[in-house]
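Chain by chain, the residues run as shown.
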Amino acid sequence: MADRKAKLSTSKVNVKLTSDLGRISFVVGACMLGFVFLVFLISVFYTPYNPNMTDASNILKAPSFEHLFGTDHLGRDVLSRIMSASKYTIFVSFAGIAIALVLGMLMGLTAGYWGGIYDKAIMLLSNSIMCFPGILLALVAVAVFGSSMLNVVFALGIVFSPSFARVLRTGTIAISNREYILHAKILKVNPFRIMVVHILPNLLTALIPAVVIGLANMTLFESAMSFLGLGVQPPAASYGKMLSDAQSYVTTSPWLIVFPAFMLILYILGLYFISEGVRICTSRGGTIE
Amino acid sequence: MNKSSSKSVNIIEIKDFSLCFPSKTEGMKPVLNKLNLSIKRGSIFGVIGNSGCGKTMTAMSIASLLPKEASIQGGDILFNGQSLLSMDPHSRRLLLGDKIGVIFQEPMSALDPLMRIEAALGEVLISHGVKDKNEIRSKIMEMLKVVGFKNPDAILNRYPHQLSGGQRQRILIAGAALLKPSLLICDEPTSALDTVTTISILELLRSMSISMGITMLFISHDLNVVGCFCDYVAVMKDGAIIEKGITSRVLRSPQTPYTLSLLRKSRLDNVLSNDFFLKPNYSETPLLEVSNMSSGYDGRLFSRQKHANVIHDISFKMYPKEVLGVIGGSGCGKTTLAKTICGLLTPTAGTMLLNDVIIGVVFQDPASCLNPSHNILWHLLEPLKAKKIKLSKLETRELLIATMKEVNLKPSYLLRYPHQLSGGQRQRVAIAMCLILKPKLIIADEPFSSLDASSAANVLSLLSSINHKYNTAILLISHNLHIVSKVASRVMVMDSGTIVESGQLSEVFASPSSQAAKDLLEAERKLNSNPNALS
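About the criteria used
Residues numbered from 1 in each chain as written. Chains lettered and ligands numbered in written order. Predicted model: local features only at pLDDT ≥ 70, side-chain atom pairs only at ≥ 80, totals over all residues. Helix = DSSP H or I, 4+ residues; strand = E, 2+ residues; numbered from the N terminus. Rg over C-alpha atoms; globule rule 2.2 N^0.38 Å. Contact = placed C-beta atoms within 7 Å. Buried ≥ 20, exposed ≤ 12 C-beta atoms within 10 Å, placed from the backbone. Core = buried A, V, L, I, M, F, W, Y, C linked by C-beta atoms within 7 Å. Domains from an automatic or database assignment. Pairing = 2+ DSSP bridges. Axes fitted to C-alpha atoms, helices over the stretch in contact; angles between N-to-C directions. Nonpolar A, V, L, I, M, F, W, Y, C, P; charged D, E, K, R; others polar. Left-handed = near helix turned anticlockwise from the far one by under 90°. Expected span 1.5 Å × (residues − 1). pLDDT = per-residue confidence, 0-100. Right-handed = clockwise from strand over helix to strand, strands pointing away. Parallel < 35°, antiparallel > 145°, perpendicular 65-115°, else oblique.

**Q** What exactly am I supposed to notice about the overall build of chain B here?
**A** Each helix and strand in chain B was counted, giving 18 helices and 19 strands. Relative to the compact-globule value of 24 Å for 535 residues, chain B shows a C-alpha radius of gyration of 25 Å, a close match. Principal-axis analysis of the C-alpha atoms places the extent of chain B at approximately 75 × 55 × 45 Å. The long-range fraction of contacts in chain B, counting pairs at least 24 apart against all pairs at least 6 apart in sequence, stands at 72%.

**Q** I would appreciate a short explanation of the overall build of chain A in the present structure.
**A** Within chain A one finds 9 helices and 0 strands. Counting helices and strands in the order they occur from the N terminus, chain A gives α-α-α-α-α-α-α-α-α. Relative to its 289 residues, chain A shows a buried fraction of 41%. Residue pairs in contact within chain A that sit at least 24 positions apart in sequence constitute 71% of those at least 6 positions apart.

**Q** Where do I start with the nonpolar core in this structure?
**A** The tendency in soluble globular proteins is for nonpolar side chains to be buried as a group. Among the nonpolar cores identified, the biggest contains 215 residues, and Leu 217, Phe 218, Ile 443, Leu 475 and Leu 476 of chain B are the most heavily contacted of them. The element that contributes the greatest number of residues to this core is helix α2 (residues 78-114) of chain A, accounting for 14 residues. Per-domain counts for this core show at least three residues from each of domain 1 (10-103 + 182-266) and domain 2 (288-529) of chain B. Apart from residues no more than four positions distant in its own chain, Leu 476 of chain B is found in contact with Val 323, Leu 324, Gly 325, Ala 444, Val 484, Val 487 and Ala 488 of chain B.

**Q** What am I meant to see in the sheet that holds strand β16 (residues 441-445) of chain B here?
**A** Backbone-to-backbone hydrogen bonds join strands into a sheet, with any given pair of strands oriented parallel or antiparallel. Residues and elements named next belong to chain B. Read across the open sheet, the 6 strands follow the order β15-β16-β17-β13-β18-β19; overall the sheet is mixed. The open sheet is flanked by β15 (359-362) and β19 (498-504), the only strands paired with a single partner. With strand direction ignored, the average angle separating the axes of adjacent strands in the sheet is 15°. In the packing of helix α14 (residues 423-435) onto the sheet, contacts are made with β15 and β16, and the angle to β15 comes to roughly 175°.

**Q** Hey, could you run me through the sheet that holds strand β3 (residues 44-48) of chain B in this one?
**A** Residue and element names in this part refer to chain B. An order of β6-β7-β8-β3-β9-β10 is seen for the 6 strands of this open sheet, with the pairing classed as mixed. The strands lining the two open edges of the sheet, one partner per strand, are β6 (100-103) and β10 (240-246). Sheet twist, expressed as the average angle between the axes of neighbouring strands with direction ignored, equals 15°. The strands touched by helix α6 (residues 165-177) within the sheet are β6 and β7 (183-187), with β6 carrying the most contacts at an inclination of about 170°.

**Q** Please explain the interface of chain A and chain B as it appears in this structure.
**A** Often, the extent of an interface is quoted as the loss of accessible area upon association of its parts. At the interface, 21 residues of chain A touch 25 residues of chain B. Taken together, the elements giving at least two residues each to the side of chain A that touches chain B come down to α1 (2-45), α6 (179-186) and α7 (191-227) of chain A. Looking at the side of chain A that touches chain B, the element that brings in the most residues is α6 of chain A, giving 6 residues. Taken together, the residues that form the side of chain A that touches chain B break down as 11 nonpolar, 4 polar and 6 charged.

**Q** How should the domain arrangement of chain B be read in this particular structure?
**A** Residues and elements named next belong to chain B. When the domains of chain B are assigned, the result is domain 1 (10-103 + 182-266) and domain 2 (288-529). Contact residues are listed per partner, giving 14 residues for domain 1 and 16 residues for domain 2. Elements represented by at least two residues in the side of domain 1 that touches domain 2 include exactly α7 (195-212), α8 (223-229) and α10 (257-267). Among the elements that line the side of domain 1 that touches domain 2, the one with the most residues is α8, at 4 residues. For the side of domain 1 that touches domain 2, a count of residues per class yields 6 nonpolar, 6 polar and 2 charged.

**Q** Whenever I open this one, the environment of Gly 52 of chain B confuses me. Can you help?
**A** With respect to the secondary-structure elements, Gly 52 of chain B resides in the loop between β3 and α1 (55-62). Accessibility expressed as a C-beta count within 10 Å gives 15 for Gly 52 of chain B, which makes it partly exposed.

**Q** Got a minute to help me understand the environment of Gly 325 of chain B in this structure?
**A** All names here are of chain B. Checked against the element boundaries, Gly 325 lands in strand β13 (residues 323-327). Assessed through the 25 C-beta atoms surrounding it within 10 Å, Gly 325 is described here as buried. Considered as a pair, Gly 325 and Val 491 are 166 residues apart in the sequence and their alpha carbons are 4.5 Å apart. Setting aside residues no more than four positions away along its own chain, Gly 325 makes contact with Leu 476, Ser 478, Val 484, Ala 488 and Val 491.

**Q** I keep staring at the environment of Leu 354 of chain B and nothing clicks. Help me out?
**A** Along the chain, Leu 354 of chain B falls in strand β14 (residues 349-354). In this structure, the C-alpha to C-alpha distance between Leu 354 of chain B and Val 9 of chain B, residues 345 residues apart in sequence, is 64 Å.

**Q** Sorry, what's going on with the packing of α2 of chain A against α7 of chain A here?
**A** Between two packed helices, what matters for the description is the angle formed by their axes and the separation of those axes. Residues and elements named next belong to chain A. Between α2 and α7, the least distance of the axes is 8 Å, while the angle of their chain directions is 145°. For α2 against α7, the interelement crossing comes out right-handed. Residues Thr 89, Val 92, Ser 93, Gly 96, Ile 97, Ala 100, Leu 101, Leu 109 and Tyr 113 of α2 touch α7, and the partners they reach there are Pro 191, Met 195, Ile 199, Leu 200, Val 211, Gly 214, Leu 215, Met 218, Thr 219 and Glu 222. Among the residues making up the contact of α2 with α7, the classes are represented as 13 nonpolar, 5 polar and 1 charged.

**Q** Please clarify how helix α15 (residues 453-470) of chain B should be interpreted in this entry.
**A** Side chains three or four residues apart in an α-helix point the same way, a direct result of the helix having 3.6 residues per turn. All names here are of chain B. Here α15 is 18 residues long and its end C-alpha atoms lie 26 Å apart, about the 26 Å a rise of 1.5 Å per residue gives. Inspection of α15 places Ala 453, Ser 455, Ala 456, Ala 457, Val 459, Leu 460, Leu 462, Leu 463, Ser 464, Ile 466 and Asn 467 among the buried residues, and these make up the whole buried set. Backbone geometry just after α15 places Asn 471 at a positive phi near 55°.

**Q** When you look at unusual backbone geometry in this model, what are you seeing that I'm missing?
**A** Leaving glycine out, the prevailing phi sign among residues is negative, and the prevailing peptide bond configuration is trans. Residue and element names in this part refer to chain B. The phi torsion at Asn 292 lies on the positive side, around 45°, for a residue other than glycine. Among the structural elements, Asn 292 can be located in strand β11 (residues 288-298). Phi is positive for Lys 321, which is not a glycine, with a value near 70°. Here Lys 321 shows up in the loop between β12 (307-318) and β13.

**Q** How should I be thinking about α1 of chain B in this particular structure?
**A** All names here are of chain B. Buried residues dominate α1, accounting for 7 of its 8 residues. Among the residues of α1, those classed as buried are Lys 55, Thr 56, Met 57, Thr 58, Ala 59, Ser 61 and Ile 62. Positive phi appears at Ser 64, one or two residues downstream of α1, with a value of about 55°.

**Q** Can you help me understand the confidence of the model for chain B in this one?
**A** Interpretation of the predicted coordinates at a detailed level should be avoided for regions scoring low in pLDDT. Residues and elements named next belong to chain B. This prediction gives chain B a mean pLDDT of 82; 92% of its residues lie at or above 70. The least confident element of chain B is helix α2 (residues 89-99), whose mean pLDDT is 77; the most confident is strand β8 (residues 215-219), at 91. A low-confidence stretch, residues 1-6 (pLDDT under 50), is modelled with 9 contacts involving residues beyond four sequence positions or located in other chains. This model gives residues 531-535 a pLDDT under 50, and the stretch forms 14 contacts once residues within four places in sequence are excluded.

**Q** Please explain the pairing of β16 of chain B as it appears in this structure.
**A** Two faces, one strand: in a regular strand the side chains alternate between the faces of the sheet. Residue and element names in this part refer to chain B. β16 sits mainly inside the fold: 5 of its 5 residues count as buried. The two faces of β16 match: Leu 441, Ile 443 and Asp 445 on one face and Ile 442 and Ala 444 on the other face are all buried. As paired strands, β15 and β16 are joined by 4 bridges and run parallel to one another. When the bridges of β16 are listed, Gly 360 appears paired with Ile 442. Here β16 pairs with strand β17 (residues 473-477) via 5 bridges, running parallel. If you follow Leu 441 over to β17, its bridge partner there is Ala 473. For the handedness criterion, the β-α-β arrangement of β16, α15 and β17 is classed as right-handed.

**Q** Would you mind going over the packing of helix α3 (residues 116-130) of chain A against helix α5 (residues 149-175) of chain A with me for this structure?
**A** All names here are of chain A. It is at 9 Å that the axes of α3 and α5 come closest, and there the two elements cross at 130°. When the axis of α3 is compared with that of α5, the two are oblique. For the pair α3 and α5, the crossing hand works out as left-handed. Note on element contacts: α5 touches α3 through Val 159, Pro 162, Ala 165 and Arg 166, opposite Ser 126, Ile 129 and Met 130. The class makeup of the residues in the contact of α3 with α5 is 5 nonpolar, 1 polar and 1 charged.

Shown next as structure tokens:
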């Protein structure tokens, strides 16, 4: 009897633990992300120095009270550059995801809803985008159309769209034979309204984690492209650009690597924690009738 | 009946068993409340009650298949005199796998779609230590013959999707019986099957119970099935047993008012009368004229056959106010017919004349008839938006409240979401969605088959009041002959995609001319004429 109670209480703890884990993960992620956003907001109104101002007398200075995060090889204040870089990183990831979502929805919802040869064609297209390494495609696009920030955003948006298209297509196929969708078809509701108002809200639990992970991956891609010199153009700062500039000074001036990398990690880890939290909290099984 | 008098007479004894689930609103919600139950060895024991009364949880407690959140509050379950709850989990699992078999309601999802039948059944034997391949095969063949397959060789290599619902249920029974369990728990094994198949499954279970000495715990909300099949029956309400005894006694002279009301509802006595639905006038212009219509699903992209017709050469007329019943076994094309009439499928041949009629549709499954992401208010506004009916705010408000009252739901339910409603309430919201457009024709595709008796009775009386008030014609598709026989004025019998017989209800039911109709009526007669059943 006592044994049984003990067993039951551990199972209860397990259930509680998973839901708590989700919540904790979400809160931790939100705090990390919140910090990055706070830095971004402050940077809009105030940076300690002009982030692009060079100062020949202050080259590669270690962190001090004057320059909290030190200075780089051109004498620019690293703290100010980190603050202004957050702007580009956040803009590129969010704008890129927005483009990817719109394209993905357009492809995924329609392909899943209409099916047949149209579905096959769309999936062929999205699979052919997916079978190239994403960074390569984005690099080619930027190399062809020129390396402005908007081009980077569009290129990343196109590269990321198939992953959303797949999530949405699968969900749409699963739902479009449900009776409430048949009912809408009988009422002759406009197909696009069925897709967006009737089907899409039911796919959000699958879509939200995909979007958050997409944001994190998008940031990494943007950093990688800037690192390779095809992203944000100098003198503007982004985390990837700062890391690439710092690589010659890793041993002598480690603060040039540590601080931008720390912010990048904070942003991406925050996004992953949030997506994990959302996934755990939304995917706990059905309720008992 | 008592094969082993040395052991205890009862195979299962449940003593003061209580079970709770954590709930968001009330802390711990009791599901079973001081349940006492004993099942005699070799008997067939039925449990009846409305949905949510704890029938399935009782079965799951015996089989130790309770969900993780369940918390046992007290009492004990004895199997062959041994306490199941004080046993350690490992030895309990060993005991249960061998001695207790379970058959579930949904034969579609209980078989692995990627496993051939031989592999699926072999798995059961392998996991219980049978190693010799030939022995496994011969055992499976033998069992397939027992459950009524005439050509077990052919069945062995099939995949589940190549079998019908009834065949799959037979496979599941074979799987459960392979280990020769002493107790077989059947949780609504027939509620997804049509009458003809139900009878054949029940006959199979009974013969197995006798020949192999298997005790059965049979859970159902269908009183007819329990009445013709079980030796003993227990009535459950709110997690406790309120009446039990020999089936014929309980169902013939119930001692509690609750059992009586269950019986009344299952016979639909209180809602059915002669003028329950309006009598049509056959001289009026028909609402719907279908002539030589064929329909089906689109063929594959490169296949030669452009359309795979499911229904062929259908002709019939429907008149205003008429209730037309469509009956037939599963897979005969009833649902395809409904889908074609309401415009989801286009006819491939023949014509369908709908004289400018608004059609409403009520589907079978209350679980998926409403969109889980939106509240009831949205569901009722959507038809108005789709038909571009513009109303002022006040008019809309009045219309919504009137419609909700019409279907016996409180207006406050407008802000609820589908998961906050019961099956019967959802079905009524689905009817309200039709009703808000004032349709002249409602197509009801098996609206009762997944509801318990009292919800079905409520939905039926609701349809009747709509029929009276708005002169709405109803095309009632059902395999429940009992309901069709009480409400329809004309009936059509379908078999393998065509209408094999149609006419006035009394004529068809009194002297069926087609084999399909004869089979259906014979099954219905067996379900009702058993001495155990209520006369």
